[in-house]
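This is what each chain is made of:
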Amino acid sequence: MLLTPAGDDPNDPLLIEAAHLRALPAFPTAVREYTVAIARFREAPRLLTKLMASETRFRLTAYVFYLSADHETYGPLGGATYSRLLELCSQRQELSPRVLKTTLALLKLAGFIKTSQSTSDRRSKSYYPTPRMMDFVKSWMPHAVNALDALQPDMQRAQMLADDPDFIRRFAAAAGHEHATGIPLIDRMPEFTCFFGKREGAIPVVLAVMLSDIDGLPLPSRAQIAKRFGLSKTQVSNMIAEGAKLGFFSTDEAGTPRATACLRDSYARFISIELAFYARHMRPASQTCERGHEPHDASGCA
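A few words on the overall build of the protein. Helices and strands together make up the secondary structure of the protein, namely 16 helices and four strands. In the protein, 66% of the contacts between residues at least 6 apart in sequence involve partners at least 24 apart. Approximately 14,200 Å² of the protein is accessible, and the part contributed by carbon and sulfur atoms is 54%.

This part is about empty space enclosed by the protein. Evaluation of the coordinates by the stated rule reveals three cavities of 30 Å³ or more. For the largest cavity, the calculated volume is near 820 Å³. Around the largest cavity sit 34 residues that line it, and Phe-58, Ala-62, Trp-140, Glu-274 and Tyr-278 are the ones nearest its centre. Those elements giving two or more residues to the lining of the largest cavity turn out to be α2 (27–42), α4 (55–69), α8 (131–140), α11 (167–181), α13 (202–215) and α16 (261–281). With eight residues, the single largest contributor to the lining of the largest cavity is α4. For the lining of the largest cavity, the residue count by class is 25 nonpolar, five polar and four charged.

Attention now goes to the packing of aromatic side chains. Scanning all chains against the criterion turns up 14 aromatic pairs. On the numbers, 6.4 Å between centres and 80° between planes, the contact of Tyr-34 with Tyr-267 is edge-to-face. Taken together, the residues Tyr-34 in helix α2 and Tyr-267 in helix α16 connect sequence positions 233 residues apart. Residue classification places Tyr-267 among the buried residues on the basis of a relative accessible area of 2%. Taken together, a centroid distance of 5.7 Å and an interplanar angle of 85° make the contact between Trp-140 and Tyr-278 edge-to-face.

Here the focus is the nonpolar core. Core analysis: the largest hydrophobic core is formed by 92 residues, its most contacted members being Leu-263, Tyr-267 and Leu-275. Considering every element that reaches this core, the biggest residue donor is α16, with twelve residues.

Along its 14 residues, α13 runs 20 Å from first to last C-alpha, staying within 8% of the 20 Å computed at 1.5 Å per residue. Taken across its 14 residues, α13 has eleven buried, putting it largely inside the fold. Ala-202, Ile-203, Pro-204, Val-205, Val-206, Leu-207, Ala-208, Val-209, Met-210, Leu-211 and Ser-212 are the residues of α13 that are buried. In the stretch just after α13, Gly-216 is the one whose phi turns positive, near 65°.

Attention now moves to the packing of α11 against α16. Viewed as axis vectors pointing N to C, α11 and α16 meet at an angle of 125°, and their least axial separation amounts to 9 Å. In this view, α11 runs oblique relative to α16, as classed from their interaxial angle. Taken as a pair, α11 and α16 cross one another with a handedness that is right-handed. Seen from α11, the contacting residues are Phe-171, Ala-174, Ala-175, Glu-178 and His-179; seen from α16, they are Phe-277, Tyr-278, Arg-280 and His-281.

For the rest of this paragraph, the subject is the packing of α4 against helix α6 (residues 82–91). Relative orientation of the contacting elements α4 and α6 amounts to 130°, with a least axis distance of 10 Å. Accordingly, the angle class assigned to the pair α4 and α6 is oblique. As for how α4 packs across α6, the hand of that crossing is right-handed. Across the interface between the two elements, Leu-60, Tyr-63, Val-64, Tyr-66 and Leu-67 from α4 touch Arg-84, Leu-85, Leu-88 and Cys-89 from α6.

What counts as what
Residues numbered from 1 in each chain as written. Predicted model: local features only at pLDDT ≥ 70, side-chain atom pairs only at ≥ 80, totals over all residues. Heavy atoms only, no water. Helix = DSSP H or I, 4+ residues; strand = E, 2+ residues; numbered from the N terminus. Contact = heavy atoms within 4.5 Å. Areas by Shrake-Rupley, 256 points an atom, 1.4 Å probe, with all protein chains shown as cover. 1 Å grid on protein atoms, 1.4 Å probe; cavity = no way out; pocket = protein on both sides within 12 Å on 5 of 7 lines; lining within 4 Å. Points joined across faces, edges and corners; volume = space filled by probe spheres on them. Nonpolar A, V, L, I, M, F, W, Y, C, P; charged D, E, K, R; others polar. Phe/Tyr/Trp six-rings, centres within 6.5 Å; stacked < 30°, edge-to-face > 60°. Buried < 20%, exposed > 50% of the residue type's maximum accessible area, 1.4 Å probe, protein only. Core = buried A, V, L, I, M, F, W, Y, C linked by side-chain atoms within 4.5 Å. Expected span 1.5 Å × (residues − 1). Axes fitted to C-alpha atoms, helices over the stretch in contact; angles between N-to-C directions. Parallel < 35°, antiparallel > 145°, perpendicular 65-115°, else oblique. Left-handed = near helix turned anticlockwise from the far one by under 90°.

See the structure below:
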């Protein structure tokens, strides 16, 4: 079944901003910056790849960070309690209570979070990011700031990330709030993200195929892809087969996948949507609207 990308909704400001970014001459450079950085980020110790392999588990990690960073709503200690996390996950049926508890246990095992009990109610437990989680988030940010710097060099977001100690917290609070209360990014391109964003192992395979396509280099073997991203060879083969059925890959006689025009277009559109979303919230403190209520344009300024 061949899927075609949906057109841009003229009533969705974020999709308009994304279209502006795609039209910039530097957009192909930004796509490569994004792809190289996110592929490097996906190379992680096995426990971390287990957390990142499922986008729902990865999203929960982001929710913990968002609630902890939202000092405006929850005070200087943040508000990452179990009940709030469950409410966030339940409103879109993202995680069951069992998976929520399992993922929180994984995060604690990975050294990403610490817990404390409420002094007023010992049944209430709060979760806080550790320095290791902060390092993890810092290693994730370059895929966005480097790509945006290629498109909007005057904003100097990589410099902001390096020099402004509150940059990450402001971004987490503002972007997390918009994601939690608005339309999730993956819902703006469901025909692509039903595979790319929701199938365990799909993202690393797409990244490998797109890097090969962008750089004009031979695709690594399935075993090499599996080893690089902490997958099994069977997982890689299954994702290639599923992506081919959806029209994102074509395969030659040896079964080697290649990017189709549908994948190239869908991938570029999704990146532009992500970057437009990040551009709204990766700004200097003087330009930041943490609640996201002010209008934004594609230049990155209100």
